[in-house]
Structures are given as C-alpha cells and as structure tokens.
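One letter stands for each residue in the lines below.
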Amino acid sequence: MKAKDLLLSCMPLAEHQVKELVQSYGVPVPRYLVLEDGGLPRRLPFPYPVVVKISDPQILHKSEVGGVRLDIKNRAQLERAVSRMRQDFPGKAVLIEVQEPLGVEAIVGLIYDSAFGPSIMLGMGGILTEVYQDTTFRTVPIDESDAYEMISLLRGVRLFEGFRNIRASKSALVSAMLAVSRLGEELGEHIAQTDLNPVIVYEDRCVAVDAKLLLRKRGSTEQA
Amino acid sequence: MKRTPSNLDALFDPRTVAVLGASRDPSKIGHLVFRYMLDSEAKLFPVNPSAGEILGHRCYPSLGSIPEDVDMAVLALPASATPQAVRECVDKGVKAIVCLASGFGETGSEGKRLEEEIKKILASALPEMRPRFLGPNTLGVYVPRRRIETIFTSRERNPRPGPGGIAFISQSGATAVCIMEAAAAVGVDFSAFVGIGNKLDVDENELLDYFAADPETSTIIMYLESFKDGRAFLESCRRIVPKKPVIVLKAGRSESGAKAAALHTGSLAGSDRVVDGALMQARVFRAYDEEELVDLARALDHGRPFTGGRVAILTTAGGMGVIAADLLESRDRGVGLKLAPLSERGRAKLRSLLLPFASANNPVDVTANASNDHYAAALEVLESEPDLDAILCVMQFQSPFVDERLMDIVTDWFHRGEKSIVVTSIGGELSQRALKNLTESGVPAYPSIWRGVRAIGALHKRGVWASANSKR
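Counting from 1, residues in each chain are numbered in the order their sequence is written. Chain labels run from A onward and ligand labels from 1 onward, assigned in the order the entries are written. A pLDDT threshold of at least 70 governs which residues receive local features in this predicted model, and a stricter bar of 80 or more applies before side-chain atom pairs are shown or counted, although totals over entire chains, interfaces and linings include all residues.

(A) Region of the structure containing the overall build of chain B. Counting from the N terminus, the helices are DSSP H or I runs at least four residues long and the strands are E runs at least two residues long. Summing up its helical and strand segments, chain B has 16 helices and 20 strands in all. Restricting the calculation to C-alpha atoms gives the radius of gyration, and the globule rule supplies 2.2 Å times the number of residues raised to the power 0.38. The C-alpha radius of gyration of chain B comes to 26 Å, within 12% of the 23 Å expected for a compact globule of 472 residues. For chain B, the spread of C-alpha atoms along the principal axes amounts to about 80 × 60 × 35 Å. Counts of 20 or more other C-beta atoms within 10 Å of a residue's own C-beta define buried residues, counts of 12 or fewer define exposed ones, and intermediate counts define partly exposed ones; C-beta atoms are placed from the backbone. Residues classed as buried in chain B amount to 51% of the 472 residues present. Taking the intrachain contacts of chain B between residues at least 6 apart in sequence as the baseline, contacts between residues at least 24 apart amount to 72%. Remark: residues whose backbone-derived C-beta atoms lie within 7 Å of one another are considered to be in contact.

Here's what the structure looks like:
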C-alpha cells in the first residue's frame, strides 16, 4: 500500500489529540496550550522558550510544510509566530508548548500487525530514526522485564548506561513504554500506527515531544 | 508420561487406515503411499473401485464397503474428486483425513471454491463426529516410530530419518522432506513430521499443542510462511517453551517490505521485525535457513543449557582455537560469550599432563601430536574447572595418536560431566563418521567451527531465558 492510500484509509488525529490521549495513559508530554480560533491568552501558563506548531489531522508531517516554529523566547516572537501560522494555515488549530531541552532521543510506537495484532516498537529516535533503524518490537502488552530487554537490545543502549556522562533514565523510558503498551492493549485494535518521536529521555524523566497517530479504518483487517 | 487423548491421534497413531485412490501402478502416489504404509502396524484398506487387488491386499470398491471403523483416510485423489471423498468420509465416520492433492486454494479461485465446499461438508457432520482434515496440498504425516507415512516421494531417493525427539511442523512438505533427508544423513532423528499444506482445518497452532503433549517429542521445529493466528501461536509457545524448545524458520520475510510507511513505526516494521520481536518475546528460537533450523534443534534437543556464559575451547589445532575464540566472543560476527580464564590449579595440571608445547591457557591446545589420553586428560581438567560453563571440543584427527575412541571419551563426559559440551570437526570421511557417531549418541556435533559456536550460543540463550523465566 502506498502512503497516500494509507492516509486515505486510516484517519489521522491532530497532534494535540494524540498527546491528550497518550498523556491519559501516563506518557509525559510537554505542557501545552491549544488555540482553536481564538487569540492568545494574556499570559502563557508555562515559561518560555516555547514551540508553536500547527496541529491538524490533515497535516501529518508539519516541519516539511513550515508548520513548526522553534525557540520562541518572548511574547513578541510568540505573537509573530502565531499570526504567521494563522496566515499560512487558515482555520487550523495552533499548538503552543514548552520547548524541552536536548536529551537522548528515543522513539516509541505502536503498529497493528496483521499476524500478531497490536505491537509496540522501541528505537533510537529523532530525525535519524530511519537511517540507523535501531529498533525492536514486541506484541502488547509488555511487562517491565520485556521493556528493559527491549532497551538492552538497541545498539544505542550505551546512551542509557552513562556513555560519556550522558544521563538518560532507563526507568523513565520503561514507564513511558508501559503506558504505550497499556494504550495498545486497550485501543490497539483501533490504531493503525502511532509514533511518539522523539521521546526525549533525561536523567530523571522523559517526555514525548511529538506524537502522531493513525486510526485503523473500521472493520479493516489489513495491516497498516 | 502418558499421552492425553486428542482428536488428532488418528493422524499420528491410527489403528485402521484407508487409502483412497490406492493403485497397482508403482508410479502412482496411491501406490507408494499404500506400500509405505504397509510397514506400519495399522490395518490397511486399499480403496479403488477397479483395482481388484494391490500388493496382495483385496481392494474395496468404496469407503462404505469397508467392514470396520476407519481412523485415517488418505486421499490419493485429484482435487476435483476430493469433495465427494470427504462426503464419504463423513458418512463413514472417519476420524482424520489426509488430503495429498494440490490444485486447491494455492492455485486460484476454482481451488478456493473447492476448499469452501470441503469446509461445508465437514461442517455438516456433528461436531463430535467431524473428521479432522489435514491439507490439502500436503505430504501428510510421517511417524518414524510407527512407520506411519503418507509422504509420497520415493524412499529410495529420499531416505527418511529414524525415530528421535524432534517434531517437524512444516508449511511446505517437499522442503521439510529434503531437510529431514539431509538431517538423517548426519544422524539426526525425528519423532514426527506433519505438513500443514493449505491449513484448511488443522493448523500449526493445534499441532504445536499436540506435540507439546506428545511424550515422544522433546523439541519442536517449524517451517512457516504465514501465521494463521499469531497471537494464539505466541500464547501456545509461552506455555510450551519452558518444557520443550521451539525453533521457527519463518520465511517470506521480504513480503512485508512493501508495507505502508506513513509513519516511522510502520516503515521500520517492514522487514518483519515484528515477527522477530514477537518470537523473542515468547522465547522461541528463530532460524534463518534450513541448516540453522536443524542445527539449533540438535543442540537444544540434547545439549545442556547454561547461564554463565563462560566457555573453554579444547582444540587439537591452534588456529582453530583462535577462529573459535573470535566467533565466541564477537558480538557482530559471533555469539558474544566469554572465553573463561582457567584457574591457576587447572593450568598447572594441564602443564603437567600435556605435551611440552601444548597451551595450558584457554583455548587449550593439546596440539596435533596429542594422543587420545592427552585429550581425555585435558577434558577432565576442564570438567573440574570451577568457573566454567561450557566446552567447545574442536576435534581433528591429524595426530597419529588419536582415533575414533576420542568419540567415546567426549560422549562419556557429555553424559556424566557437568559442563555443556559441543563438538566440531572439519574434514572428510573420518570427521563425518565421527560427527555422525556423536550425533547418534546425542552429542551436538557439527562440521564447522561456526556451527558449533552457534550451538553453544543457543544453549546459553536457552539457559538465560529459562532462568529469567523462573525468576519472573
């Protein structure tokens, strides 16, 4: 199946919808605010710097179309960024969220596999995900020891083990993986694919800064 | 251990067998199957309206005319004649049907229609009277212990394995028969073979559960191109694997490469990584070719799993020790285990027992001048090493002072020692004979260093999986 056909057969959700969903299962996401069509609130409920993104089911790959503004440090920049988004993407929701610092980037995903049903993926994340293809899959649900084993199977495992004094918490990542596994267990039949990429992992926590989800077409037996 | 009754028993242990399409013509499938089945203890009924007598056995004009109950009916008939034959089987109360013909769902819509028709006929029987249906498009079953056999390739051309502990479930019959032939040639034996063909009724999951309960089966291997119900398969494996190892050769890996790739997860799932992960999650071994499938089965069926990961190499040739050490320790081109440092005491003992130019460090090189006694002495020292889990015996027959008695020495330690032992020997006739002897005594023995090292790796993995499992 071509990507286009897939998009036609599987309904995507907007980023803020996906974040709300995964957050309800216990995946940490950055603090965020959604502007549907109203204006900016007088004060943001979280500190700068922030990120402004377009959040719409039709726009899956935001950065390619200029739908992401990073590193917004003050009110003036924020107002400019929001009004540009409004201009470029009229009628679409705008997502403003805390810009998380750099860290070790993982990807956690779900896929509906035609043979094994809902399955979870862990990999080294970020923009080079598909270059290194450092990933491993399990069917859901997974338990804690499955999650730790998945991390141990990545070539990038050393980034979670103190390589060059980098601090990235395995247990924080594991708890996010278990949350995604619960999501897959409960709703996996309805989900064609989910990407949480990157999930940025720090010394004591992790956070999913981007999230995409495609719903399975009702009654579809096809693999995504 | 007693077998719990199953309605698949009629496939593997039938008391009465009818061969529909039995033939007097030696070139016909219906002849071969009947002739081979004559070796079994089962009572045979050839069915053919026009044959009169086959190999001294009176032919029955129809299934219905057989005066006894029929456990198994083998259909050596064309696809088009199958629905009618299945109807007769239902009427007769046959317990299991083996459908050898091709020309069903694998060929197109007409074949699919035939399969649907057969399903309907089977469904028309009362559930407790419903025959089990193996195939179509299968070579059927082979049970060496009972000489139950529906494989219709020539025994003379493709010798069959003898009775052993490995059960082989295969989606391709011809492939499995070749694999078994090659295995038999090096001394590997089987408890049963079953070809699932188009899986119209009996599928791999049910057979997996069957062999899990079969006291004659200690290891289960599978050749699969698709999973009928992947989730159920994993559930079964999780239950079975603590008792019996399961090894799967899942082919057709690139098929999913064409999968949709809107998101990373979908694109990365491409080259069947989900299968990889799911099998590992269920602690199922995955083999990537036919050689590995049988190699792992041999290792896991008889070998001793271990957890420590500390290995010694005992060799008669220095270079082979180095090659083996590389393969043992490398993560990328090997199995990522550790060569164990030997104890001071052990090394002193080796120095006193071996030839002056032998190596008393790991790899222990007894040299190409060593005798049987040197090898035996070194093995004994290694067996009493405290921090050692496994020994790779690299065994060559260059020295004029070693002979085939070396086999007995190793076999003896394999059975009474505490370390996991795997043997490799590369070479011609002498090596091959030695390997076959070892294999027949249950010692995992391979004609290449890598295959031996890989077996050690599998035994370690099995040990680690088992111990993690017991801690859960």
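(B) Geometry of the overall build of chain A. Across its full length, chain A holds six helices and 10 strands. Over its C-alpha trace chain A gives a radius of gyration of 18 Å, about what one expects of a compact globule, namely 17 Å for 224 residues. Dimensions of chain A, computed from C-alpha atoms along their principal axes, come out at roughly 50 × 45 × 30 Å. Looking at chain A residue by residue over its 224 residues, the buried ones come to 46%. Within chain A, contacts between residues separated by at least 24 positions form 66% of all contacts whose residues are at least 6 apart in sequence.

(C) How the structure looks around the pairing of strand 5 (residues 104–113) of chain A. Residue and element names in this part refer to chain A. With 10 of 10 residues buried, strand 5 is to be regarded as a mostly interior element. Strands pair, by our definition, only if DSSP identifies at least two bridges between them. Where strand 5 meets strand 8 (residues 191–201), seven bridges bridge the pair, whose relative direction is antiparallel. Bridge pairing in strand 8 links Val108 to Leu196. As paired elements, strand 5 and strand 6 (residues 117–124) share eight bridges and run antiparallel to each other. Bridge pairing in strand 6 links Ala106 to Met124.

(D) Representation of helix 4 (residues 109–123) of chain B. Its 15 residues place the ends of helix 4 of chain B 21 Å apart at the C-alpha level, agreeing with the 21 Å of an ideal helix rising 1.5 Å per residue. Check the buried side of helix 4 of chain B and you find it contacts helix 3 (82–92) and strand 7 (132–134) of chain B. Multiplying one less than the number of residues by 1.5 Å gives the expected span of a helix.

(E) The arrangement of the sheet that holds strand 6 (residues 96–99) of chain B in detail. All names here are of chain B. Here we have five strands laid out as an open sheet, ordered 2-1-5-6-7, and parallel in their pairing. Taken across any chain shown, the strands that pair with only one partner, and hence form the sheet edges, are strand 2 (43–47) and strand 7. Averaged over all neighbouring strand pairs, the angle between strand axes comes to 20°, with direction disregarded. With three bridges connecting them, strand 6 and strand 7 associate as parallel partners. Within strand 7, the position partnered with Val98 by the bridge is Leu134. For helices, the fitted line uses only the C-alpha atoms of the stretch in contact; every axis is such a line through C-alpha atoms, and the angle between N-to-C directions lies from 0 to 180 degrees. Most of the contacts of helix 2 (residues 29–37) go to strand 1 (residues 16–20), to which it runs at about 165°, and overall it touches strand 1, strand 2 and strand 5 (72–75).

(F) Molecular detail of the interface of chain A and chain B. Across the contact, 34 residues belong to chain A and 22 residues belong to chain B. Counting residues per element, the ones that place at least two in the side of chain A that touches chain B are helix 1 (3–9), strand 5, strand 6, helix 4 (129–132), strand 7 (135–139), helix 5 (144–153), strand 8 and strand 10 (211–215) of chain A. When residues are grouped by polarity, Ala, Val, Leu, Ile, Met, Phe, Trp, Tyr, Cys and Pro land in nonpolar, Asp, Glu, Lys and Arg in charged, and all others, Gly among them, in polar. Per-class residue counts for the side of chain A that touches chain B are 14 nonpolar, 14 polar and six charged.

(G) Quick look at unusual backbone geometry. In the segment running from Val140 of chain A into Pro141 of chain A, the intervening peptide bond is cis, with an omega of 5°. Relative to the helices and strands, Pro141 of chain A resides in the loop between strand 7 and helix 5. The step from Asn362 of chain B to Pro363 of chain B runs through a cis peptide bond, and the omega angle for that step is 0°. Residue placement: Pro363 of chain B occurs in the loop between helix 12 (344–353) and strand 17 (364–365). In the Ramachandran plot, Asn137 of chain B falls in the positive-phi region, its phi being about 65° despite a non-glycine side chain. Inspection of the secondary structure puts Asn137 of chain B in the loop between strand 7 and strand 8 (141–143).

(H) Inspection of helix 7 (residues 230–240) of chain B at higher detail. Within helix 7 of chain B, the full set of buried residues consists of Gly230, Phe233, Leu234, Ser236, Cys237 and Ile240 of chain B. Each buried residue of helix 7 of chain B lies within a common arc of 165° when the element is viewed along its axis, so the set occupies one face. Here the buried face of helix 7 of chain B lies against strand 6 and strand 7 of chain A together with helix 6 (204–213), strand 13 (246–250) and helix 9 (273–281) of chain B. It is the directions from the helix axis to the C-beta atoms that the arc portrays.

(I) Highlighting the domain arrangement of chain B. All names here are of chain B. As assigned here, chain B comprises domain 1 (9–299) and domain 2 (305–471). All the domain ranges listed were derived from an automatic or database domain assignment. Once you take the C-alpha centre of each, domain 1 and domain 2 turn out to be 38 Å apart. With 11 residues of domain 1 at the contact, the number on the domain 2 side is 16 residues. Looking at which element gives the most residues to the side of domain 1 that touches domain 2, the answer is helix 10 (residues 290–302), with four residues. Taken together, the residues that form the side of domain 1 that touches domain 2 break down as seven nonpolar, one polar and three charged.

(J) Region of the structure containing the packing of helix 14 (residues 405–416) of chain B against helix 15 (residues 429–440) of chain B. All names here are of chain B. Direction vectors running N to C along helix 14 and helix 15 enclose 30°, while the axes themselves pass 10 Å from each other. As the angle between them shows, helix 14 and helix 15 are arranged roughly parallel. For the crossing formed where helix 14 meets helix 15, the hand is right-handed. Contacts between helix 14 and helix 15 pair Met407, Val410 and Thr411 from the former with Ala434, Asn437 and Leu438 from the latter. Here the residues of the contact of helix 14 with helix 15 sort into four nonpolar, two polar and no charged. Note that the term roughly parallel is reserved for angles under 35 degrees, roughly antiparallel for angles over 145, roughly perpendicular for angles of 65 to 115, and oblique for everything else. For any helix crossing, the convention is left-handed if the near helix is rotated counterclockwise from the far helix by under a right angle, and right-handed if that rotation is clockwise.

(K) Local environment of the sheet that holds strand 13 of chain B. All names here are of chain B. As summarised here, the arrangement of the seven strands in space is 9-8-11-10-12-13-14, forming an open sheet in which the pairing is mixed. Two strands in the sheet have a free side with no partner beyond their single neighbour: strand 9 (148–149) and strand 14 (285–287). In this structure, strand 10 (residues 163–170) lies alongside strand 12 (residues 219–224), joined through five bridges in parallel fashion. Bridge pairing in strand 12 links Phe168 to Ile221.

(L) Geometry of the pairing of strand 10 of chain A. Residues and elements named next belong to chain A. Counting buried positions along strand 10 gives four out of five residues, so the element sits mostly inside the fold. Taken together, the five bridges between strand 8 and strand 10 define a ladder with antiparallel strand orientation. Note that in strand 10 the partner of Asp195 across the bridge is Lys212.

(M) A look at the environment of Pro386 of chain B. Residue and element names in this part refer to chain B. Secondary-structure assignment places Pro386 in the loop between helix 13 (372–383) and strand 18 (390–394). The class of Pro386 is exposed, set by 9 C-beta atoms lying within 10 Å. Separated by 341 residues in sequence, Pro386 and Phe45 place their C-alpha atoms 62 Å apart.

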